[in-house]
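# Structural overview
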There are 4 protein chains.
Amino acid sequence: MKIDISRVQEHDKKLMESHNQSFYFLANTLEKQGFDVENIIKKIADFQVAIPSWALGAGGTRFGRFSYHGEPGNLEQKIADVGMLHALTQSAGAISLHIPWDVPEDPEKIKALTKSHGLTFDAMNSNTFQDQPNQEHSYKFGSLCSVNTKAREQAIQHNIDVIRIGEKLGSKSLTVWLADGANFPGQNNFQTVLKNTQDSLKQIYAQLPEDWKLFIEYKPYEPYFYSTVIQDWGTSFMLANECGPKAYTLVDLGHHLPNTNIEQIVATLMMKGKLGGFHFNDSKYGDDDLTVGSIKPYSLFLIFNELVYGMENNPQNPYPAWMIDASHNTKDPLEDLMQSLEAILMAYTKALLVDQKALKSAQQENDVVECQEILHQAYNTDVRLLLERARILNGGALSPIKAFRNLEIRKQLVLERGKHSVASGL
Amino acid sequence: MKIDISRVQEHDKKLMESHNQSFYFLANTLEKQGFDVENIIKKIADFQVAIPSWALGAGGTRFGRFSYHGEPGNLEQKIADVGMLHALTQSAGAISLHIPWDVPEDPEKIKALTKSHGLTFDAMNSNTFQDQPNQEHSYKFGSLCSVNTKAREQAIQHNIDVIRIGEKLGSKSLTVWLADGANFPGQNNFQTVLKNTQDSLKQIYAQLPEDWKLFIEYKPYEPYFYSTVIQDWGTSFMLANECGPKAYTLVDLGHHLPNTNIEQIVATLMMKGKLGGFHFNDSKYGDDDLTVGSIKPYSLFLIFNELVYGMENNPQNPYPAWMIDASHNTKDPLEDLMQSLEAILMAYTKALLVDQKALKSAQQENDVVECQEILHQAYNTDVRLLLERARILNGGALSPIKAFRNLEIRKQLVLERGKHSVASGL
Amino acid sequence: MKIDISRVQEHDKKLMESHNQSFYFLANTLEKQGFDVENIIKKIADFQVAIPSWALGAGGTRFGRFSYHGEPGNLEQKIADVGMLHALTQSAGAISLHIPWDVPEDPEKIKALTKSHGLTFDAMNSNTFQDQPNQEHSYKFGSLCSVNTKAREQAIQHNIDVIRIGEKLGSKSLTVWLADGANFPGQNNFQTVLKNTQDSLKQIYAQLPEDWKLFIEYKPYEPYFYSTVIQDWGTSFMLANECGPKAYTLVDLGHHLPNTNIEQIVATLMMKGKLGGFHFNDSKYGDDDLTVGSIKPYSLFLIFNELVYGMENNPQNPYPAWMIDASHNTKDPLEDLMQSLEAILMAYTKALLVDQKALKSAQQENDVVECQEILHQAYNTDVRLLLERARILNGGALSPIKAFRNLEIRKQLVLERGKHSVASGL
Amino acid sequence: MKIDISRVQEHDKKLMESHNQSFYFLANTLEKQGFDVENIIKKIADFQVAIPSWALGAGGTRFGRFSYHGEPGNLEQKIADVGMLHALTQSAGAISLHIPWDVPEDPEKIKALTKSHGLTFDAMNSNTFQDQPNQEHSYKFGSLCSVNTKAREQAIQHNIDVIRIGEKLGSKSLTVWLADGANFPGQNNFQTVLKNTQDSLKQIYAQLPEDWKLFIEYKPYEPYFYSTVIQDWGTSFMLANECGPKAYTLVDLGHHLPNTNIEQIVATLMMKGKLGGFHFNDSKYGDDDLTVGSIKPYSLFLIFNELVYGMENNPQNPYPAWMIDASHNTKDPLEDLMQSLEAILMAYTKALLVDQKALKSAQQENDVVECQEILHQAYNTDVRLLLERARILNGGALSPIKAFRNLEIRKQLVLERGKHSVASGL
């Protein structure tokens, strides 16, 4: 199904007077503070986040999974879901595919469908953390790191295959999340598996088209619980440097040990020109993959403060690839994604409101109190009206979740797809 | 299949001379230090740990599962597996069932089978963290804590049903692991769900036979990632007190926040007479459910030091129910359990070697250096020969894993059960 | 020195028009949403937080301390500092003393001085974590828990002495933060030290005046790094129950293991009528004692959401004693405290804006998305204008930090007290 | 004072028969397993660990400090203490100085004194985390990272001064532990302080003598509690690479976030030839600086397993500089250091007992169970007799702590130095 956005716009008309009144009051206040509100709204409107194809159905834990109704059962339906998200929010303008879960039978057709929803293809994702039916060599003990040469070669080839599929679709990057690791001390020789991984990544890198990027993800633990080959940004950064200029580190917010200062990692990577991609989610304990901004919204703001700073001051760093990587165990996946998009844009907007000049000056004088006041001045501002404004200007909904509920979209999806359709993937 | 232990014993005969020589040297050394070696070996021989029925197949993570071959496909085969473990190790003398995964069709027959392997039934385990096919009310948003009265009643009745099944088998306790919790702030009213849980547990407690115990487990997170209703020992202890004298706290080693001092919790609970059960495993990051003793063997020793102290000094506390609760993702489940049993007995034995009198005296004098020397004197002792001795005296194998491999048991299990048999449960 | 608030008010007059315009716009918006803004402002104005006497000078770490200028050198100056804070913020209406750092020579005179600043005496704090010059028995190995009977008796008597001093000043509660613990496994017998602590607390409790309360603090580690006798809320709650109805648990935000769900602890304690006191600060790693709200403002909001709920729904719980317990290593201590007060009142105000009725209804329906929307609706509101309003109505400053800087108060304090005056205490 | 080791040896004579008997039994067992016991003992005897000059007095926390008696009051006495340690243990053959705490007035005399104790000078340590009396520019807001050019230059010069002092003494390396960081978000511009630090380190590196090494330490937090400029190994490694081939990363066991896999970091650094130095201690919560091996001895073994592997397989990595960096708050500092030395040598010896060939083979076959068996076979061996043997062969004490107590050395130190002598430094 495709959403009839005119019905939403019709409904929103009644609310526009109230919105306008509040918006102009806020805009006026911000202008007095010296901000160029129009420009800020343009930046918000331009900010687009990719949705991964596996995030459209219910996720689960090792203890089980509670299905959601009307999940998309094939790639076309997944694209339709992202299309709907984008129509309502105007900020989900890309889709990120996972191979082998989303191999397109007819790439041209899929490409056209995606375009018809106003979407592009973000990074391609390979999968060597599971065995597929009839797979020759198991990844139980590793893939790109494996001491089994045949398993390693198979994993390298799989990644090259994913690049080839991506080329047909117009994607420009490959994300390698390498789950490889060990559950027990002694299981792996750390130096051997790191060296194997280096070699494998170099072989994949060698097959990268000229205008592509390679994103190397890191994670300290899970699915293995003693060690992970690419355990932290330092390892990813080292591997990316060894691969070459088209290789970058990818930061996933949930892939850190307790209390890690992630914003500092972001700043370091951008300074070195090596922050390639970013996966958004939130967490309290580990890689909980909760809705973005649901647990630590201030941390998200601090991270965006570095991202905005880097985008403005680090020409050596490419524009990063943004993606939501969350798991929806108890919420409607589409509503969950809308809440995530809102949180991302709120943090981004607040970061845009940081008075960088005043901050620099307070830092120079070690006026710690003032530094905090400046950040809080931006963070405490209620920016929801700016987001609404940007959405409406782009042709989206004033309140995407309300629109989604008013239009009873989930109900229609269930009618269309059946109650027990299950999304492929996690 | 049933193991032919005489073949093992035959093989071990050749190794006995070497074992004897080393054993007598160690025993002699320990006797000189004032230990009653015979008594220690008797204690080791008497120490029995329950095996849960769901630990006999490969576990997995939310990212997937790599099956093991020859897994037990039904309750009878699970009992056979535990029987084998017990025959080799002489320390796995009980099995702990999980309902509905292990509902016995003919309880009397199952009871007889279990007895024939020299096993008893340890605590029964209920399951309200998953929905079963055709279940009327979902546990997606909680069971004993649920705001949905019908779901709550269904969960209470399920626990009562589990007690009834247990009665038929001769079990004497019910373990309630309550996964109930929330993924997001605001999802639950903390006071409401705690009160509901109290009420539900009291209703279950009211149905407990006179000679039964109720074990209340706690866990800070997973499968929910913002809050868990019974998040820590304090909550479990409070609930157990409210239920009554037959209700106890159950400690699972993996169910704690980073850096928790678990041995202190053990000491407090035993002092208050409320430590009912104990689940063994090991972990580096969260509830990793790794082989016991594979990550932090010294912590395990410190915990056993408190357990031994409590067993000797706290008559107010019942003898705890011991169980291994690990997940076997990369090792042969039976070998993994043998390594866990060895680790448990080593820690127990070393704790038996702590010179309690000298320790008390050093503590009185705040001789911190000496306190550490006393613990290390016990911990550094190589006690493997004492474990071997106890096993042989009980009729088990000198080296269970070697025997398991020499007899090619897994190979036979695959022949018998098929390569792709999958254990029910997690 | 005493602040001349009329100078502040004079200055604020020029800003009132702008404030009024923005305030009425916000108030109007909130009234439309159904809120009683006048009542909310009254609640903000009534909310008073105690300042501890040791927080008025620079703190330090084990690696050293960088002094601040013009620190208060005696109790009178400390009271003057809190008086100034209160004059500007109208929310620091109490002082919490630490004995022996703040023994008043003439209690009546101190009482009168305090009253003249509009302040009352909050909880008294005892100190058994340091040895004082000429102290007979050392606390190096513990105080209330000590195996040395004389050290224990000395510590008990010290606490009773603190009560007696507090009685003279009009305080109504004693806070016991017990640092007692061990650096090494084996150093303490957990059961012995817990029992000693129970006995000691009971003896102190027995000396408590009829209208006093005893607050028992907990902390997992520091200054000892293996175990702390009162390591968590469960232990504190157990001890409070054993002491009697006037004994309560005190929650300090920094005294938890990584990732602890503190708001759930708050809810449980209030439900049981046992939350007595609250110490505010913020932290990223351990007991960092940073400015309140500087690291995790959303967590603070979630905690206040439970506090507000409890104050409205738990008559069994007394009104809690609020105190800031932070350390000021790099900021001006007074400015730091003003930032903390602002953060506390912001979180409190946002919690007052939670639509409790709608939340309850969404919880009943397990509408997790809506539950989050309701919390975020309150949290995202920019409430700074409400705080300004409450301050002005009470006679304080529109912007306390700006007023503090405009009046050059620190400069005057340095002139008055000298550049190198050092506050007694930490 | 200097220890009369002949008195110790005299006393040990009586115990040699028992030692010999047990030693030969163990040696025989190990030889049967294929080990070259003589070679292992030689390696143990050769292993020397530096003692830092600041570890000879009692440490403290921000809450206070309990002094120890007879602490060394000057550099000569510190050297005497280390000399005593070395005489008893034969494994503390170096001292590591801290400037400005240990500036030698007459370097030649100090050099001779040190040599007379059989000691050498290990790495020099600079100090820019405290302000010294009369210091011109404060380090309150940073040193090598400072936005204040003068403070930065002063800190660079201080490090160069430390090199110059070290040259006179015969040291060959400089350790830079940079405490620089921030307590609050926004306080520092991450990119600016990192860039300043790079530049400063390069200037120091430029002044390094040809045969010197620069060790760059990292630490996630403390004394600052929001961010540290060199927060992790990745940052240190990056900075070391930028400085040049004589710059290395230094690993301090306590300087990691919870649950970090340190052994993997060690393996990576050695593979890259960049592990320069190692600071030993133990911890449960943060940088607790407890006695080595007192909390997580198995982790220490796993780390030594990587160190031994690297020393045997990574010619690209220099032989690392070993140092104990612990704080002695409740134990006699000298006894504490003896316990630490014992723990280090035990872990090293056990790592030498790992059957590397069998391990490699089991890893190749992904025989995870066997990998663990191999590590445990080494770890469970009671190696204390090997340590005794190595000590005696080198002329040390059978049991250093017992000798220290029998000779009543602390009593004599108190007589000599006074009860209230306080060591300079932390």
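Structure: above.
Description of the structure in this document. Numbering of residues starts from 1 in every chain and runs along the sequence as written. Lettering for chains starts from A, numbering for ligands starts from 1, and both go in the order in which the items are written. In keeping with the model being predicted, local features are shown solely for residues with a pLDDT of at least 70 and side-chain atom pairs are shown and tallied solely at 80 or more, while totals for entire chains, interfaces and linings include all residues. Note: side-chain values were computed over all heavy atoms of the structure, leaving out hydrogens and water.

Residue and element names in this part refer to chain A. When accessible area is computed with a 1.4 Å probe and restricted to protein chains, residues below 20% of their type maximum are described as buried, those above 50% as exposed, and intermediate ones as partly exposed. Under the DSSP-based scheme used, a helix requires at least four consecutive residues in state H or I and a strand at least two consecutive residues in state E, with every element numbered from the N terminus. Burial analysis of helix H9 (residues 262-271) places 10 of its 10 residues in the buried class, the great majority of the element. Within the sequence span of H9, burial applies to Ile262, Glu263, Gln264, Ile265, Val266, Ala267, Thr268, Leu269, Met270 and Met271. We call two N or O atoms a polar contact when they sit within 3.5 Å, provided that within protein one can donate a hydrogen and the other can accept it, with sequence-adjacent residues counted only if both atoms are side-chain atoms. Residue asparagine 261 occupies the N-cap position of H9, its side-chain oxygen lying 3.4 Å from the main-chain nitrogen of glutamate 263. A positive phi of about 70° marks glycine 273, the residue just after H9.

The interface is formed by 51 residues belonging to chain D together with 51 residues belonging to chain A. When two parts are put together, the accessible area they lose, computed with a 1.4 Å probe and summed over both, is reported as buried area. The three residues of chain D that bury the most area against chain A are Phe190, Gln191 and Gln264 of chain D, which together make up 15% of that side's buried surface. Whenever Lys or Arg places a side-chain nitrogen within 4 Å of a carboxyl oxygen from Asp or Glu, that contact is recorded as a salt bridge. Summed over the shared surface of chain D and chain A, the result is two salt bridges. One salt bridge in this structure joins glutamate 242 of chain D and lysine 272 of chain A, with 2.6 Å as the shortest N-O distance. Counting residues per element, the ones that place at least two in the side of chain D that touches chain A are helix H7 (190-206), strand E8 (227-228), helix H8 (233-243), helix H9 (262-271), helix H10 (297-313), helix H12 (356-364) and helix H13 (368-379) of chain D. When residues of the side of chain D that touches chain A are assigned to their parent elements, the largest contribution, seven residues, is made by H9 of chain D. Under the grouping applied here, Gly and all other residues not named as nonpolar or charged are polar, the nonpolar ones being Ala, Val, Leu, Ile, Met, Phe, Trp, Tyr, Cys and Pro and the charged ones Asp, Glu, Lys and Arg. Within the side of chain D that touches chain A, the residues separate by chemical class into 24 nonpolar, 21 polar and six charged. Whether two residues touch is decided by their heavy atoms; if any such pair falls within 4.5 Å, the residues are in contact.

Here the second copy of the chain follows from the first by a rotation about an axis and a shift along it. Expressed as a screw operation, the relation of chain C to chain A combines 0.0 Å of axial shift with a rotation of 180°, fitting to an RMSD of 0.0 Å. This pairing of chains is accounted for by a two-fold axis. Considering only C-alpha atoms, the part of chain C nearest the rotation axis is aspartate 382 of chain C, at 2.7 Å. The residues that chain C uses at the interface reappear at the interface of chain A in 100% of cases, marking a shared surface. Only residues with pLDDT of at least 70 in both copies count here: their C-alpha atoms drive the least-squares fit that superposes the copies.

Glancing now at the relation of the copies chain D and chain A. With an RMSD of 0.0 Å, the operation that places chain D on chain A is a rotation of 180° combined with a shift of 0.0 Å along the axis. Residue by residue, 100% of the interface of chain D is reproduced at the interface of chain A, so both copies engage with the same surface.

Glancing now at the pattern of salt bridges. If you walk through the whole model with that rule in mind, you get 84 salt bridges over all chains. For glutamate 335 of chain C, the salt bridge is made with arginine 405 of chain C, and the minimal N-O distance between the two is 3.0 Å. One end of the pair, glutamate 335 of chain C, is in helix H11 (residues 333-352); the other, arginine 405 of chain C, is in helix H15 (residues 400-406), with 70 residues separating them in the sequence. A relative accessible area of 31% places arginine 405 of chain C in the partly exposed class. Within the structure, one salt-bridge network assembled from shared partners comprises Arg62 of chain A together with Lys219, Glu222, Asp287 and Asp289 of chain B.

Bringing unusual backbone geometry into the picture now. Backbone torsion omega between glutamate 222 of chain B and proline 223 of chain B reads 15°, so that peptide bond is classified as cis. The residue proline 223 of chain B is located in the loop between strand E7 (213-217) and strand E8 (227-228) in this model. The backbone phi angle of glutamate 222 of chain A is positive, close to 75°, even though this residue is not glycine. Within the element layout of this structure, glutamate 222 of chain A appears in the loop between strand E7 (213-217) and strand E8 (227-228). Here glutamate 222 of chain A falls in the buried class, since its relative accessible area comes to 15%.

Our next topic: the packing of aromatic side chains. Given two aromatic rings, their pairing is described by the distance between the two centres and the angle made by the two planes. The criterion for an aromatic pair is that two Phe, Tyr or Trp rings (for Trp, the six-membered ring) have centres within 6.5 Å, with stacked assigned to planes under 30 degrees apart, edge-to-face to planes over 60 apart and tilted to the rest. Going through the model one piece at a time under the given rule, you end up with 88 aromatic pairs over all chains. Aromatic side chains tryptophan 101 of chain D and phenylalanine 129 of chain D sit 6.3 Å apart centroid to centroid with 85° between the ring planes, which places their arrangement in the edge-to-face category. On the criterion of sequence distance, the pair formed by tryptophan 101 of chain D in the loop between strand E2 (94-96) and helix H5 (107-116) and phenylalanine 129 of chain D in the loop between strand E4 (124-125) and helix H6 (149-169) is long-range, its members being 28 residues apart. By relative accessible area, tryptophan 101 of chain D is classed as buried at 16%. An angle of 55° between the planes, with centres 5.6 Å apart, marks the rings of tryptophan 233 of chain D and phenylalanine 237 of chain D as tilted. Pair noted here: tryptophan 233 of chain D and phenylalanine 237 of chain D are both in helix H8, with a separation of four residues, about one helical turn. Taken individually, tryptophan 233 of chain D and phenylalanine 237 of chain D each receive the classification buried, so the pair is uniform in this respect. Taken together, Phe47, Phe278, Phe280, Phe304, Tyr319, Trp322 and Tyr348 of chain A form an aromatic cluster joined through their ring pairs. The aromatic ring of tyrosine 248 of chain A is capped on one face by lysine 274 of chain A, whose charged end is 5.3 Å from the ring centroid. Taking the ring centre of phenylalanine 184 of chain C as reference, the NZ or CZ of lysine 331 of chain D above it sits at 3.5 Å. Criterion for a charge above a ring: Arg CZ or Lys NZ at most 6 Å from the ring centre, at most 35 degrees from the ring normal.

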